Amino acid sequence: MIVLGIETSCDDTAAAIVQHDSTGLRVLAAARATQDDTHRPYGGIVPELATRDHVNRLPHAVRDCLQHAALRPEQLDLVAATRGPGLSVALLIGHTFGKVLAAALGKPFLGVNHLRGHIISPYLTPQGAACLGQPAVCLLVSGGHTLLARLDAQLRITQIGATRDDAAGEAFDKAARLLGLPHPGGPHLAAAAMQGRPDAFSFPRPMLNEPGLDFSFSGLKTALRVTLERLRSTSSGLSSSAAQLSVADLAASYQQAIVDTLVGKTRHALQITGAAILTLAGGVAANTCLRAALADMCQSLGVQFLPAAPEHCTDNAVMIAATGALLHQVGHTSTLEEQVEPRPGLH
Ligand code: KG4
Ligand code: ZN
C-alpha cells in the first residue's frame, strides 16, 4: 500500500510518501520545510505565524512528494495526517488538508498521534525494521514531550514514565535562551557544549534517586538561572573570550545533567521491564552526547540499541505515513468527522 503522510503539529511543514508491503516500509519521497527563520526573531514559536506558513507550504510539499515518487494522487491508498498533540491551529491545517484530499480521492483517511509517530520512527532503519514486533522500551525525548514507553509484540504502546513538568527539549531550549543562544536552542546548546567541560559546573540530576520512571526538568533550568546570576554578579570585568568559555562550560555541564538523568531513568525502565531492545526517538534523540551515553549503557546491559536515524528524529512526515500504514494494516481508520486532539498524551 502507498501512504501519504502529513505533519503540521508545530513548526515543521512536512509531507512524505511511504510504501508498505511484505518486505517492509520504504520511503518513496519526503519533503520538510522548517520555520526556524520565521520564529527566530521571537525566540520561540508564534502559533499564528506557524499556521500561515503551513497554509503556504503544505500544498507545495505534497506536490513535490508526488512528483518525486512519480505518482498520481489516485495511486495513493491511504492519507494519514497528524491529529495531535500539538498546536491546535497548526494541526488543523494538515489534518483538514488530509481529510479533504482523502475525500476527494475516495481513499481512506487516518489521523495519527504524533507521539506514536515518533515511537515508530526508529523502525525506519533496516536494523530497526528487523526488530519490529519485538518487545522494547522507547525513550521519547522531544520539544513538547519526554516519556518512557513499553512496546509489546503487537506494537501496543504503554506509557511507563513521563515528565512532570518541562520536556527535555524544552529544558534545552529554555537554557539556550538564558545563555543567549539562538532559536531553536537544543542544537545550538549542544554545539556550544562541544567546546566545554561537562564537570565544570554542578547541576542537579532531578528525581534520579527517587523510585519510579518520571522525570522533572524545570528545577534544572532554575539552577542554571541562579548560576548565571551568580556568575554575572562576580564577573562583570571578564573578557569576551572568558565569557564564551563559561557559556561552553555551562552548556556542557547542563547537557550532562540532562543526559545523566535520561540515562539513569532509562536504565531503570530496562531493568523493570526486562526488555532486550531500547529505541530512542524525538528531536533530542539527535543529540550526540545522549546517543553515545545510551549506546554505552545498552552495551553494558547487553541490550540492543535502536536510535532513530538523525533525519527521522525531529518532526517529519515519514513517521506519520509509516505509523498510518502499520495502524491501517491492523484495521484502524478515521472518519471525516474526526477532530484534531491537541492535548498532550498517547491518545
Ligand atoms: O521532536 P521535535 O522536532 O518536536 C517536538 O515534537 O517537540 O523536537 C524538537 C526539540 C527542540 O526542543 C530542539 O531544541 C530539540 O528537539 N533538539 C535538540 C537537538 N536537536 C533538536 N536538543 C538537543 N540536542 C540536539 N542536537
Ligand atoms: Zn515531535
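Here the structure is shown first, and the text comes after it.
Rules of the game
Residues numbered from 1 in each chain as written. Chains lettered and ligands numbered in written order. Predicted model: local features only at pLDDT ≥ 70, side-chain atom pairs only at ≥ 80, totals over all residues. Heavy atoms only, no water. Helix = DSSP H or I, 4+ residues; strand = E, 2+ residues; numbered from the N terminus. Contact = heavy atoms within 4.5 Å. Buried < 20%, exposed > 50% of the residue type's maximum accessible area, 1.4 Å probe, protein only. Pairing = 2+ DSSP bridges. Axes fitted to C-alpha atoms, helices over the stretch in contact; angles between N-to-C directions. Polar contact = N/O pair within 3.5 Å; in protein donor to acceptor, adjacent residues only side chain to side chain. Donors = N, O, S within 2.8 Å, 3.2 Å for Na, K, Ca; no water. Tetrahedral: all angles 85-135°; square planar, octahedral: opposite > 155°, others 65-115°. Parallel < 35°, antiparallel > 145°, perpendicular 65-115°, else oblique. Left-handed = near helix turned anticlockwise from the far one by under 90°. Nonpolar A, V, L, I, M, F, W, Y, C, P; charged D, E, K, R; others polar. Near = heavy atom within 4 Å. Areas by Shrake-Rupley, 256 points an atom, 1.4 Å probe, with all protein chains shown as cover.

(A) Inspection of the side chain of D12 at higher detail. Examined against the element boundaries, D12 turns out to sit in strand β2 (residues 12-21). Setting aside residues no more than four positions away along its own chain, D12 makes contact with E7, R32, A33, T34, Q35, H54 and D315.

(B) Focus on the pairing of strand β1 (residues 2-7). In terms of residue burial, β1 counts as a mostly covered element, since six of its six residues are buried. Relative to β2, β1 runs antiparallel, the two sharing six bridges. By the bridge assignment, G5 is partnered in β2 with A16. Linking β1 back to β2 in an antiparallel pair, the connection comprises four residues. Relative to strand β4 (residues 78-84), β1 is paired through four bridges, and the arrangement is parallel. The residue of β4 that forms the bridge with I6 is A81.

(C) How the structure looks around the sheet that holds β2. The strand order across the open sheet built from five strands is β3-β2-β1-β4-β5, with neighbouring strands paired in mixed fashion. Of all the strands in the sheet, just β3 (24-34) and β5 (109-113) have a single pairing partner and so form its edges. Strand-to-strand twist across the sheet, computed as the mean angle between neighbouring axes with direction ignored, equals 20°. The pairing of β2 with β3 spans ten bridges and is antiparallel. From the neighbouring strand, D21 faces β3, where its bridge partner is G24. Those strands touched by helix α2 (residues 47-68) are β1, β2 and β3, and its axis lies near 30° from that of β2. Here helix α11 (residues 318-329) sits on the sheet in contact with β1, β2, β3, β4 and β5, set at roughly 40° to β2.

(D) Spatial organisation of the side chain of T125. Secondary-structure assignment places T125 in the loop between α4 (114-120) and α5 (126-129). Given the relative accessible area of 16%, T125 is considered buried. Within the local environment of T125, its side chain forms a polar contact with the backbone nitrogen of G128, the two atoms lying 2.9 Å apart. Apart from residues no more than four positions distant in its own chain, T125 is found in contact with P307 and A309.

(E) Local environment of the coordination of the zinc ion (ligand 2). The coordination sphere of the zinc ion (ligand 2), as far as protein atoms go, consists of H114 (NE2), H118 (NE2) and D315 (OD), spread over 2.0 to 2.1 Å. Viewed at the metal, the four donor atoms of the zinc ion (ligand 2) are separated by angles of 94 to 144°, and the geometry they form is irregular. When the donors of the zinc ion (ligand 2) are listed by position in the chain, the intervening gaps give H-x3-H-x196-D. Note that H114 is positioned in helix α4 and D315 in the loop between β10 (304-307) and α11, a separation of 201 residues in sequence. Across the pair, exposure class does not vary: H114 and D315 are buried alike.

(F) How the structure looks around the packing of helix α6 (residues 168-178) against helix α8 (residues 218-234). Where α6 meets α8, the axes come as close as 10 Å, and the angle between the chain directions of the two elements is 15°. Our classification of the angle between α6 and α8 gives roughly parallel. Pair α6 / α8 crosses with right-handed handedness. Across the interface between the two elements, K174, A175 and L178 from α6 touch K221, L224, R225, L228 and R232 from α8. Residues belonging to the contact of α6 with α8 are distributed by class as follows: four nonpolar, no polar and four charged.

(G) Here's a closer look at the sheet that holds strand β9 (residues 277-281). One open sheet holds the five strands; their spatial order is β8-β7-β6-β9-β10, and the pairing between them is mixed. Looking at strand neighbours, the two that pair on one side only are β8 (157-162) and β10, the edges of this open sheet. Along the sheet, successive strands turn relative to each other by an average axial angle of 25°, direction set aside. Where strand β6 (residues 136-141) meets β9, four bridges bridge the pair, whose relative direction is parallel. Within β9, the residue paired with V137 across the bridge is L278.

(H) How the structure looks around the site of ligand 1. Close to ligand 1 lie 19 residues, the nearest being G143, G144, D173, N287 and D315. Here an oxygen atom of ligand 1 and a backbone polar atom of G143 are 2.7 Å apart. Between ligand 1 and N287 there is a distance of 3.0 Å, counted from a nitrogen atom to a side-chain nitrogen or oxygen. Contact with the protein chains removes 88% of the 560 Å² of surface that ligand 1 exposes when unbound.

(I) Summary view of the environment of I120. Considering the arrangement of structural elements, one finds I120 in helix α4. Taking the C-alpha atoms as reference points, I120 and R343, separated by 223 residues in sequence, lie 20 Å from one another. If we ignore the near neighbours within four places in the chain, the residues touching I120 are L155, A322, T323 and L326.

All quantities given are derived from atomic positions and should not be read as evidence of function.
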